[in-house]
Amino acid sequence: MPLTSVFTGGTMVMQSVSTKELDGLRGETMTDELKASLQAALRGPVVAPGDADYDSVRALYNGMIDKRPRLMARCVDAADVIAAVNFGREQGLLIAIRGGGHNGPGLGSCDDGLMIDLSLMKSVRVDRADRSVRVDPGCTSGDVDHATHSFGLAVPFGIVSTTGVAGLTLGGGTGYLTRKYGLTVDNLLEADVVLADGTLVTASPSQYADLFWALRGGGGNFGVVTSFLFQAHPVATVYAGPIFWDATHARAVMAAYRDYLPEAPEELGIFVGLKTVPSMDPFPREGWGKRACAIIGAYNGPAGDGEKAMAPILQNVPEPIFNWMSEIPFPAMQGLFDPFFPKGLQWYWKGDFVASLPDEAIATHIEQAAQAPSELSLMHLYPIDGAVQRVPRDATAWSTRDARWSMVIAGIDPDPAKAQALKDWGRAYWQAVHPFNLPGGYVNFLMDDEAEGRVPATYGGNYQRLAAVKAKYDPHNLFRVNQNIPPAL
Ligand SMILES: Cc1cc2nc3c(=O)[nH]c(=O)nc-3n(C[C@H](O)[C@H](O)[C@H](O)COP(=O)(O)OP(=O)(O)OC[C@H]3O[C@@H](n4cnc5c(N)ncnc54)[C@H](O)[C@@H]3O)c2cc1C
């Protein structure tokens, strides 16, 4: 144990301090200095280890991920973001960008680096004249739905209202409105971005067009988006809700869904899933805990038209356990899953793009889903046909314009002791079905233990172009806590 001199109350004393303790003291002093220096440049608060709110601020949506940033810059405006980016770069800190904090592998945070936390930036402004919506990067999709619904409008986002708009958009964005209006990125009109050198630019089809192309699917690789401008569409009430069948009918339901989807009106945004009937009210008690096949979705239009749109599936399958499709406000449908998925559950994700669903693949899905280690664990197949397929493959960084579905397998449970079982199930399920699927998977549904090989496959022919845009705007890979696209050499 080395002897060292420490100042206490102005008196120099000789004291035994272990090397570890000494490192700790040095680390704390350095962090204090860094914190004070960053705080001087920011209007929003800077949070560091030891602060009372450190644990609550750093907590991520996925309880399986526990990261401890050295500093968290809780930005309140673009000027704060510029200051934080410049500070992180100059101090050589690892930088993570957090929007809604929903990312599966927790890529909104990092260990021992600087988290640029945007969650306090929450303004939404709807322009009724051209149906555009300006959105701050800390908004959840529920924040935006709330604002747009008053004007009978909605932007296509995902199916859980607590998901961050920023990460969801930059990865692509799929949800109930996708078949009719495209991915979230297909509805992005413009974005303000703080680049690695600290400059703020506005990317759109007419300015920084290469950057705008890359932002539409390329994730958080290119800079910190401080403002999004979206195109919204007329959406008020929808004919929507879940329909559950006993798992013994899964084969018939999945086949009927598969066969009908290409003919179904694009107003009908429905996905099929293999799940368990939740053991809680208002679900019928006799079904609690039973394996099930579900069709969940929304028809954007009058209830009568929605019923007609659903009829071709329903007349070809057995009676469901329940059918709760009815006319409801769109935000109510967007919040349908929220009570089942509070912050802090254990999540393990696997994703794939799917072009076709042969009977053999359906049989494999049913076999694997039956092994689910928990009631919440699920497989969903989200449709990405219709409007998505009409956009050329090279028009945006999101290149998979030929798939019909984006598949997610998610092992989910509140109990941390189940973490390994969730991972084992997700991996085994994915191994079994992947041979039926395309090589890539939606970047927002990948964990980071598999990203290296899969990111290039996901972007396919667009990957080299993305690497070139990265080299132009972030040549030193400052923004690398993401599904990373290293700069082209
Ligand atoms: C319960 C649940 C349901 C989901 N449902 C859907 C769905 O229906 N459809 C769908 O498409 N996806 C869905 N997702 C996946 C979701 O799109 C991703 O988890 C996404 O990363 C969430 O974005 P976030 O801002 O909340 O994440 P964060 O963890 O905050 O950020 C994720 C990544 O995005 C980048 N990022 C965030 N903000 C910015 C910014 N302002 N500028 C630059 N980069 C930034 C960062 O690189 C970060 O690594 C769901 C996720 C969950 C947990």
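What this report covers is the structure whose coordinates are included nearby. (Residues numbered from 1 in each chain as written. Predicted model: local features only at pLDDT ≥ 70, side-chain atom pairs only at ≥ 80, totals over all residues. Heavy atoms only, no water.)

This paragraph deals with the packing of helix H8 (residues 250–260) against helix H9 (residues 303–314). Put simply, H8 and H9 touch, their axes get as near as 9 Å, and they point 130° apart. Taken together, the axis directions place H8 and H9 in an arrangement best described as oblique. Residues Ala256, Tyr257 and Tyr260 of H8 form the contact with H9, whose participating residues are Ala309, Pro312 and Ile313. Per-class residue counts for the contact of H8 with H9 are 6 nonpolar, no polar and no charged. (Axes fitted to C-alpha atoms, helices over the stretch in contact; angles between N-to-C directions. Helix = DSSP H or I, 4+ residues; strand = E, 2+ residues; numbered from the N terminus. Parallel < 35°, antiparallel > 145°, perpendicular 65-115°, else oblique. Contact = heavy atoms within 4.5 Å. Nonpolar A, V, L, I, M, F, W, Y, C, P; charged D, E, K, R; others polar.)

Spatially, the 5 strands line up as an open sheet ordered E7-E8-E12-E10-E11, and their pairing is antiparallel. Edge strands, defined here as strands with exactly one partner in the open sheet, are strand E7 (124–127) and strand E11 (200–203). Across the sheet, the mean angle separating the axes of adjacent strands is 15° when strand polarity is ignored. By the bridge criterion, 6 bridges tie strand E10 (residues 188–194) to strand E12 (residues 224–231) in an arrangement that is antiparallel. Its bridge partner lying in E12, Glu190 is registered against Leu229. Strand contacts of helix H3 (residues 78–90): E10, E11 and E12, with the helix running at about 140° to E12, the strand carrying the most contacts. Sitting on the sheet, helix H4 (residues 141–149) touches E7 and strand E8 (132–135), and the angle it makes with E7 is about 35°. (Pairing = 2+ DSSP bridges.)

As a further point, take the site of the ligand. Neighbouring residues of the ligand: 34 residues in total, closest Gly99, Gly101, Leu107, Thr174 and Tyr442. Backbone polar atom of Gly101 to an oxygen atom of the ligand: 2.7 Å apart, as the coordinates give it. Against a free-state accessible area of 950 Å², the protein chains account for coverage of 98% of the ligand. Where the shell around the ligand is concerned, the elements lending two or more residues are strand E5 (95–98), helix H5 (165–171), E12 and strand E19 (346–354). Ranked by the residues each element gives to the shell around the ligand, the list is headed by H5, at 4 residues. For the shell around the ligand, the class distribution of residues is 17 nonpolar, 16 polar and 1 charged. (Near = heavy atom within 4 Å. Polar contact = N/O pair within 3.5 Å; in protein donor to acceptor, adjacent residues only side chain to side chain. Areas by Shrake-Rupley, 256 points an atom, 1.4 Å probe, with all protein chains shown as cover.)

Take the pattern of salt bridges next. Enumeration over the complete set of coordinates arrives at 21 salt bridges. Residue Asp117 pairs with Arg98 through a salt bridge whose shortest N-O separation is 3.1 Å. Here the residue Asp117 occupies a position in strand E6 (residues 114–117), and Arg98 occupies one in strand E5, the gap between them amounting to 19 residues. What makes Arg98 buried here is its relative accessible area of 6%. Salt-bridge contacts for Lys472 lead to Asp210; the nearest nitrogen and oxygen are separated by 2.6 Å. Remark: Asp210 occurs in helix H7 (residues 209–215) and Lys472 occurs in helix H14 (residues 463–473); sequence separation between them is 262 residues. Since its relative accessible area comes to 54%, Lys472 is described here as exposed. The exposure class of Asp210 is partly exposed, given its relative accessible area of 24%. Salt bridges here are not isolated pairs; linked through shared partners, they connect Asp55, Arg58 and Asp66. (Salt bridge = Lys/Arg side-chain N within 4 Å of Asp/Glu carboxyl O. Buried < 20%, exposed > 50% of the residue type's maximum accessible area, 1.4 Å probe, protein only.)

We now examine the side chain of Asn444. Among the structural elements, Asn444 can be located in the loop between helix H12 (419–433) and helix H13 (451–459). Within the local environment of Asn444, its side chain forms a polar contact with the backbone oxygen of Gly167, the two atoms lying 3.2 Å apart. Looking at Asn444, its side chain comes within polar contact range of the main-chain oxygen of Leu168, at 3.3 Å. Setting aside residues no more than four positions away along its own chain, Asn444 makes contact with Gly167, Leu168, Gly171 and Gly172.

With that settled, consider the environment of Ala292. Looking at where Ala292 falls in the secondary structure, it is placed in strand E16 (residues 291–299). Sequence-wise, Ala292 and Leu118 are 174 residues apart; in three dimensions their C-alpha atoms are separated by 38 Å. In contact with Ala292, other than residues within four places in its own chain, are Phe244, Trp245, Asp246, Ala247, Gly273, Leu274, Lys275, Thr276 and Val277.

Pairing is mixed in the open sheet, where 4 strands are placed in the order E3-E4-E6-E5. Unpaired on one side and paired on the other, strand E3 (46–47) and E5 mark the two borders of the sheet. Relative to E6, strand E4 (residues 71–74) runs parallel, the two being bridged by 4 bridges. Bridging across to E6, Ala73 finds its partner in Ile116. Its contacts with the sheet place H3 against E4, E5 and E6, and it is angled at close to 170° to E6.

With that out of the way, let us pick up the side chain of Thr140. Locating Thr140 in the fold gives a position in the loop between E8 and H4. With a relative accessible area of 16%, Thr140 lands in the buried category. Beyond its immediate stretch of four places on either side in the chain, Thr140 contacts Lys122, Ser161, Thr162, Thr163, Gly164 and Val165.

What follows is about the packing of H8 against helix H11 (residues 359–369). Where H8 meets H11, the closest approach of the two axes is 10 Å, and the angle between their N-to-C directions is 135°. The pairing of H8 with H11 is recorded here as oblique in orientation. Read as a crossing pair, H8 and H11 show a hand that is right-handed. Here Ala250, Arg251, Met254, Ala255 and Arg258 of H8 lie close against H11, whose contacting residues are Asp359, Ile362, Ala363, His365 and Ile366. Its residues assigned to classes, the contact of H8 with H11 comprises 6 nonpolar, 1 polar and 3 charged. (Left-handed = near helix turned anticlockwise from the far one by under 90°.)

Evaluation of the coordinates by the stated rule reveals 23 aromatic pairs. On the basis of an interplanar angle of 40° and a centroid distance of 5.2 Å, the ring pair of Phe283 and Trp324 is categorised as tilted. Highlighted residues: Phe283 in the loop between strand E15 (268–276) and E16 and Trp324 in the loop between strand E17 (322–323) and strand E18 (326–329), separated in sequence by 41 residues. Overall, Trp324 belongs to the partly exposed group, its relative accessible area being 33%. Taking the centre distance of 6.0 Å and the plane angle of 10° together, the rings of Phe337 and Phe341 count as stacked. Judged on exposure class, the residue Phe337 and its partner Phe341 are both buried. Feature note: the residues Tyr61, Tyr176, Phe271, Phe337, Phe341, Trp347, Trp349, Phe353, Tyr382, Trp398, Tyr442 and Phe445 constitute an aromatic cluster, connected by ring pairs. The lysine or arginine in question, Lys350, covers the ring of Trp430, its NZ or CZ lying 4.7 Å from the ring centre. Against the face of Trp213 rests Arg465, its NZ or CZ located 3.8 Å from the ring centre. (Phe/Tyr/Trp six-rings, centres within 6.5 Å; stacked < 30°, edge-to-face > 60°. Lys NZ or Arg CZ within 6 Å of the ring centre and 35° of its normal.)

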